[in-house]
2 protein chains.
Amino acid sequence: MDSRTIGILGGGQLGRMMVEAAHRLNLSTILLDTPPDSPAKQINALNTHIQGSFADAASIHELATNCDIITAEIEHVDTHILEQLEKPEYQATKLGGKKVEIQPDWKTIRTIQDKYLQHKVLIDGGVPTAEVLPIQEASEQALKDVGSVFGYPYMLKSRTMAYDGRGNFAVTSEKDIPEALSQLGTRPLYAEKWAHFKMELAVMVVRGKDAVMGYPVAETVHEKSILRVCYIPARGVSKEIQERARKLAEQAVSAFPGKGVFGVEMFLMDDETLLINELAPRPHNSGHYTIDACPTSQFEIHLRAILDLPIPPTATSLSTPTTSSIMVNILGSPDPNTPWAHLDLARSALSIPGATVHLYGKGPGRPGRKMGHITIVGASMAEVQANAAPLIAAAFDTGEIPVPKRPARPTPIVSIIMGSDSDLPVLIPACQTLQKFQIPFECTVVSAHRTPARMVSFAHSAVSRGIRVIIAGAGGAAHLPGMVASETSLPVIGVPVRGSQLAGVDSILSIVQMPRGIPVATVGINNGTNAALLAVRILASGGDAGLTERYVRFVKGMEEEVLAKAERLEKFDEEVGKEGWEVYLESK
Amino acid sequence: MDSRTIGILGGGQLGRMMVEAAHRLNLSTILLDTPPDSPAKQINALNTHIQGSFADAASIHELATNCDIITAEIEHVDTHILEQLEKPEYQATKLGGKKVEIQPDWKTIRTIQDKYLQHKVLIDGGVPTAEVLPIQEASEQALKDVGSVFGYPYMLKSRTMAYDGRGNFAVTSEKDIPEALSQLGTRPLYAEKWAHFKMELAVMVVRGKDAVMGYPVAETVHEKSILRVCYIPARGVSKEIQERARKLAEQAVSAFPGKGVFGVEMFLMDDETLLINELAPRPHNSGHYTIDACPTSQFEIHLRAILDLPIPPTATSLSTPTTSSIMVNILGSPDPNTPWAHLDLARSALSIPGATVHLYGKGPGRPGRKMGHITIVGASMAEVQANAAPLIAAAFDTGEIPVPKRPARPTPIVSIIMGSDSDLPVLIPACQTLQKFQIPFECTVVSAHRTPARMVSFAHSAVSRGIRVIIAGAGGAAHLPGMVASETSLPVIGVPVRGSQLAGVDSILSIVQMPRGIPVATVGINNGTNAALLAVRILASGGDAGLTERYVRFVKGMEEEVLAKAERLEKFDEEVGKEGWEVYLESK
């Protein structure tokens, strides 16, 4: 595939999964890390690996003498030797003329290592991110000055070597300043304006030689600043916002040179704007789901990108349009006395439908250490959530799942429209029925005769907005359902609304008697309930097992209701000596 | 997860993929194979592997001293030492009291090694398989005797060490007998009655401690007796036959003791019966697709089974109900002068949507040697086939894709029913429309009033038979659509058929005015076309991008047709001095 040997800085779990992907493509990899049995080295008997630190220039030089291209699974590497390694004179004198390439660009790694500089590059590139202030010298006055500009709370952060919440301090008022200084005072610092977000999102982005492409948007849930669970696609976030998030992530990555995969973390703010939080110039925990849920994983795509191998445009989509996924981290037990307790979570996942366990070969666990992860995949988020529920609860130290402040409304998949608000009483039962089946829908007025332009734009945009079924109610010369059907390929269900004349026969015939070529699925006069139930049947027929089950339960409920009434009618009341129908009548 | 070390007999590609699965579960594996850099050893630096043959007793003994449980990636192993290893006295005296378990059972491996015995066990177990005859001594007379019992052609096969077609000879007439003897005469032989099959199928089956479970049914296509391409699920094979095939495979595996995964190859005969061809007591080439298309791969499930780890019931299904998959083998080039040509296929796969490349680390290729495989996954077989087309063509030495004799009809997803055959003229346009959209459907008579029991059983079985939409036509007191809707959760489209009385108003109102709770999607009187088009919209709304595209093209076609007519009507014919409508009228 490519005969070059890839040197990887770091041999942890990200390196391990990178090596796994490399094996499938028969790519030769060689690892630099201190432990001789690091997670990545365990699964690679192809080469003799280098024992040493990825922050040590001599070790990186040694790696360079054994490989053709260097990449990193961690950003805390010595970029000065990387800078040297790429220079022709260094290669000529120190590498005996051997060429070596660095991907991603060492300049990108160096910038990203310093979170303050990272923010500056994003801001200079016009990418929305939190406002930042440099702190030249860590002093009470300097931190008070920040407070007077940003207000409280604000985030005090170490510019370097900060990850999983280490190196961050939330300054909630002036009173916190001494504690902040005692914790972080010796480190290079900067301040970030507080982001009032309702949700955290993350997007993996790959930049190859030709294109920048984002994966689906993950909703990330942290506890104590450590990622615990990802939901893909992000729950309750409209397609429009997801599309914006992906574009924004692509834009952020474009601000940095070099090839490879990048993890982009961002905030969805209370006002539904997006702010970039930070970037990682490498595969990222929030992209682990791509191994099981996407055609090409973040690890393989990283290798393809740095080696200029092809990346088809669908590589970063979900495997099928119906795929939903949840990733749960397996962390070392919070109790240091139970170093193997994390395996309980892994074991329990073996019994869960759609779950795949990935353990990293790290031996006994330490509190908060990433020991592995579990990906659960299925045909709908409802199904995956139900299957993952016990794992998710166990993934949080507190056992309680944090509830993020969500956007007001999930993306609708059914649209209920009516020719006039006077039709609303007929459509209300449709709304209530969809609500009962937990189907997200929208409801509005679209008039064929009074707002023809709106009707056309409504119909044309429906598919791209994620709508799968349209319910249209109209009365009299009831043209709305048929006209909408003429402008969309979606199934349109027509509800004839009974007007003051002709008992609804005008409505029903206007809707049902469509010309050959443009069907409308017509239900009975004023029967909004049936329109919604038909929509449920249509949605379930697309393969949503959970919905089918809810529908079958609903039918069972109807049957039981009628049978109960039958029983009342049949039962002779001996006390009063009356037939059931007589008692029934009296109780009405 | 499990602290036992697994010894694997054989270190080829099956062992490699087993080790890959073991790594993810942090299971320790140790390999026995002659090459020090065999495919499986390359990816396992956890243990010191054994250099030696899996057919050599001393090497297997050495493996046993280093592991707790022995399994195999190949069946051509020395079963005599395996038999010894399990004996308590051997363990006490030769293994220093160390226990070692063999899975699958050595008796199973021994029986399966001898294809004649394998057939006898299947036949004794009541499993349908080809008739066999033993051949005590290979002589012209013996082979003639077989011919006089089985007729010609029949298959002459080596009882042992036969795979990828080696050790098989098709005896087409008495004239072939000398050549058959010269090729196979020195081997232990038996004869198989010729199987007149239209298609070859394969099912992976896992037997754990509690259950026997089959994966989806793969259609296997061979060239020169070597597997080239698998289609999953098997194309054009009804759900009913697939279910039978899976049950049969499970039954076949149940005839042999021991835990683990088994590959079951079978024939779909001209008369739609199924015959077992042969079993492999290990992961199998026809199950490679499970890595990318199922929640749990055949390799991981094998490990789970032999270690008594949990296997959820959905582990062997496809990842989502819409998943389709094609597996293409990457073989060494038929031209020995181009030992790296197989990489061209792998490289071209990198550009294909939904494709994952698995190379086995075997170095230069030899003709016909399995160097890797490609799995293509997508949301429909049509999509996957379109994407895989160039790979499939290249996978066959001849470049020509063999066309198997297919079952007459693919599994229908739409059912068209009518109350009486007199309704057929109204439903014919529905049939023609579905045909145009390449949607498999069935068409029959079901009468609510005259065959009520048939109607109920039809409606109850529809979901499990794979039907996603029902079109029901009826006239007069048209109860069929509504009654069917009462007995199924599928969307039912009602077509009112105009009778001799009341101009179809009776039919339409009988169909559309359903009570709250049971919807019928009603279309216009006699409008079978629109019923089918509504079915297309419903199916496309489930996420079938290809179908949506065909539908949009169809709508475009309608528009162009009407616009062309408009043009004719508008055009003044200067030669004859007539308006378009006049010319139009005359030409009618």
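Looking at an unreviewed UniProt entry, one finds chain A named Phosphoribosylaminoimidazole carboxylase and attributed to Terfezia boudieri ATCC MYA-4762. Looking at the Catalytic activity (unreviewed entry) heading of the UniProt record, one finds this comment for chain A: "5-amino-1-(5-phospho-D-ribosyl)imidazole-4-carboxylate + H(+) = 5-amino-1-(5-phospho-beta-D-ribosyl)imidazole + CO2".

For the coordinates displayed, the defined rule picks out twelve aromatic pairs over all chains. Considering the side-chain rings of B:F437 and B:Y551, the 6.0 Å spacing of their centres and the 25° angle between planes classify their relative orientation as stacked. In this pair, B:F437 sits in the loop between helix 15 (424–436) and strand 20 (441–445) while B:Y551 sits in helix 20 (residues 545–570), placing the two residues 114 residues apart along the sequence. Each member of the aromatic cluster is reached from another via a ring pair, and the members are A:F437, A:Y551 and A:F554.

Right, let's get into the relation of the copies chain A and chain B. Between the two copies, chain A and chain B, the superposition gives an RMSD of 0.7 Å; the rotation angle is 180° and the shift along the axis is 0.2 Å. Such a combination of turn and shift is consistent with a two-fold rotation axis. When C-alpha distances to the rotation axis are compared across chain A, the minimum falls at A:G542, with a value of 1.7 Å. Counting the interface residues of chain A, we find that 100% of their copies in chain B are interface residues as well, pointing to one common contact surface.

Residue and element names in this part refer to chain B. With five of six residues buried, strand 12 (residues 218–223) lies mostly within the body of the structure. As judged from the three bridges shared by strand 10 (residues 197–207) and strand 12, these two strands associate in the antiparallel manner. Looking at the pairing, A202 lines up with A218 of strand 12. Two strands pair when backbone bridges link them, and strand 12 and strand 13 (residues 226–232) are joined in this way by five bridges, in the antiparallel orientation. Its bridge partner lying in strand 13, T220 is registered against C230. A loop of two residues connects strand 12 with strand 13, the two strands running antiparallel in sequence, and K224 in this loop sits at a positive phi of about 50°.

Tallying the contact residues gives 82 residues for chain A and 83 residues for chain B. Summed over the shared surface of chain A and chain B, the number is two salt bridges. A salt bridge links A:R24 to B:E20, with the shortest nitrogen-to-oxygen separation between them at 2.9 Å. If you tally residues by element for the side of chain A that touches chain B, the top one is helix 19 (residues 528–541) of chain A, at seven residues. Class assignment for the residues of the side of chain A that touches chain B results in 41 nonpolar, 29 polar and twelve charged.

For the rest of this paragraph, the subject is the state of the cysteines. In total, this model carries zero disulfides over all chains according to the counting rule given. Free of any disulfide, A:C294 has its nearest neighbouring cysteine sulfur in A:C230, separated by 12 Å. B:C443 takes part in no disulfide bond, and the closest cysteine sulfur, belonging to B:C431, lies 3.9 Å away. Taking relative accessible area as the criterion, B:C443 reaches 34% and is therefore assigned partly exposed.

Turning next to the pattern of salt bridges. All names here are of chain B. The final tally for this structure, using the stated rule, is 51 salt bridges over all chains. With a closest N to O distance of 3.0 Å, D397 and R228 form a salt bridge. Taken together, the residues span a long stretch of sequence, with D397 in the loop between helix 14 (381–395) and strand 19 (414–418) and R228 in strand 13 at a distance of 169 residues. Residue classification places D397 among the partly exposed positions, given a relative accessible area of 34%. Of the charged contacts, one joins E586 and K578 as a salt bridge, the two residues approaching to 2.5 Å between their closest N and O atoms.

Residues and elements named next belong to chain A. Buried residues dominate strand 19 (residues 414–418), accounting for five of its five residues. Alternating positions in strand 19 separate into two faces, V414, I416 and M418 on one and S415 and I417 on the other, with burial throughout. Between the parallel pair strand 19 and strand 20 (residues 441–445), the chain is carried across by helix 15 (residues 424–436), and the sense of this crossover is right-handed. Direction of pairing for strand 19 relative to strand 21 (residues 469–475): parallel, over a ladder of five bridges. Directly across from I417, in strand 21, lies its bridge partner A472.

So, on to unusual backbone geometry. Following A:Q103, the chain continues to A:P104 via a peptide bond in cis, the omega torsion being 0°. With respect to the helices, strands and loops of the structure, A:P104 is situated in the loop between strand 5 (101–102) and helix 6 (106–113). A cis amide bond, omega -5°, links B:I232 with the succeeding residue B:P233. Considering the arrangement of structural elements, one finds B:P233 in the loop between strand 13 and helix 10 (239–254). Positive phi values are uncommon outside glycine, yet B:N526 reaches one of about 65°. Inspection of the secondary structure assignment puts B:N526 in the loop between strand 23 (521–522) and helix 19 (528–541). Overall, the relative accessible area of 26% leaves B:N526 in the partly exposed class.

This part is about the nonpolar core. Nonpolar side chains tend to gather and get buried jointly when the protein is soluble and globular. Ranked by internal contacts, the top residues of the largest apolar core, which has 60 residues, are A:I493 and B:I493. With residues up to four places along the chain from it excluded, the contact list for A:I493 reads A:V469, A:I470, A:I471, A:A472, A:V520, A:A521, A:V523, A:A531, A:L534, A:A535 and A:I538.

Here we come to the sheet that holds strand 7 (residues 154–158) of chain A. All names here are of chain A. The four strands are arranged 6-9-7-8 in an open sheet whose pairing can be described as antiparallel. For this open sheet the edge positions go to strand 6 (132–135) and strand 8 (168–171), each flanked by a neighbour on one side alone. On average, each strand axis in the sheet is tilted by 25° relative to the strand beside it, whichever way the strands run. Examined bridge by bridge, strand 7 and strand 8 share four bridges and lie antiparallel to one another.

Residue and element names in this part refer to chain A. Examined against the element boundaries, Q298 turns out to sit in helix 12 (residues 298–306). Separated by 2.9 Å, the side chain of Q298 and the backbone nitrogen of H284 make a polar contact. Other than its neighbours up to four places away in sequence, Q298 contacts M204, Y215, V261, P283, H284, G287, H288 and T290.

With that settled, the discussion passes to helix 16 (residues 452–461) of chain A. Residues and elements named next belong to chain A. Residues M455, F458 and A459 constitute the buried set of helix 16. The buried residues of helix 16 occupy one face: seen down the axis, they fall within an arc of 95°. In helix 16, the exposed positions that point more than 90 degrees away from the buried face belong to A453 and H460. Where helix 16 is buried, its residues meet strand 19, strand 20, strand 21 and helix 17 (480–486).

Parameters at a glance
Residues numbered from 1 in each chain as written. Chains lettered and ligands numbered in written order. Predicted model: local features only at pLDDT ≥ 70, side-chain atom pairs only at ≥ 80, totals over all residues. Heavy atoms only, no water. UniProt positions renumbered as here; feature names shortened; annotations may be inferred. Phe/Tyr/Trp six-rings, centres within 6.5 Å; stacked < 30°, edge-to-face > 60°. Helix = DSSP H or I, 4+ residues; strand = E, 2+ residues; numbered from the N terminus. Least-squares fit on C-alpha atoms with pLDDT ≥ 70 in both. Contact = heavy atoms within 4.5 Å. Buried < 20%, exposed > 50% of the residue type's maximum accessible area, 1.4 Å probe, protein only. Pairing = 2+ DSSP bridges. Salt bridge = Lys/Arg side-chain N within 4 Å of Asp/Glu carboxyl O. Nonpolar A, V, L, I, M, F, W, Y, C, P; charged D, E, K, R; others polar. Disulfide = S-S within 2.5 Å. Right-handed = clockwise from strand over helix to strand, strands pointing away. Core = buried A, V, L, I, M, F, W, Y, C linked by side-chain atoms within 4.5 Å. Axes fitted to C-alpha atoms, helices over the stretch in contact; angles between N-to-C directions. Polar contact = N/O pair within 3.5 Å; in protein donor to acceptor, adjacent residues only side chain to side chain. Arc of directions from axis to C-beta.

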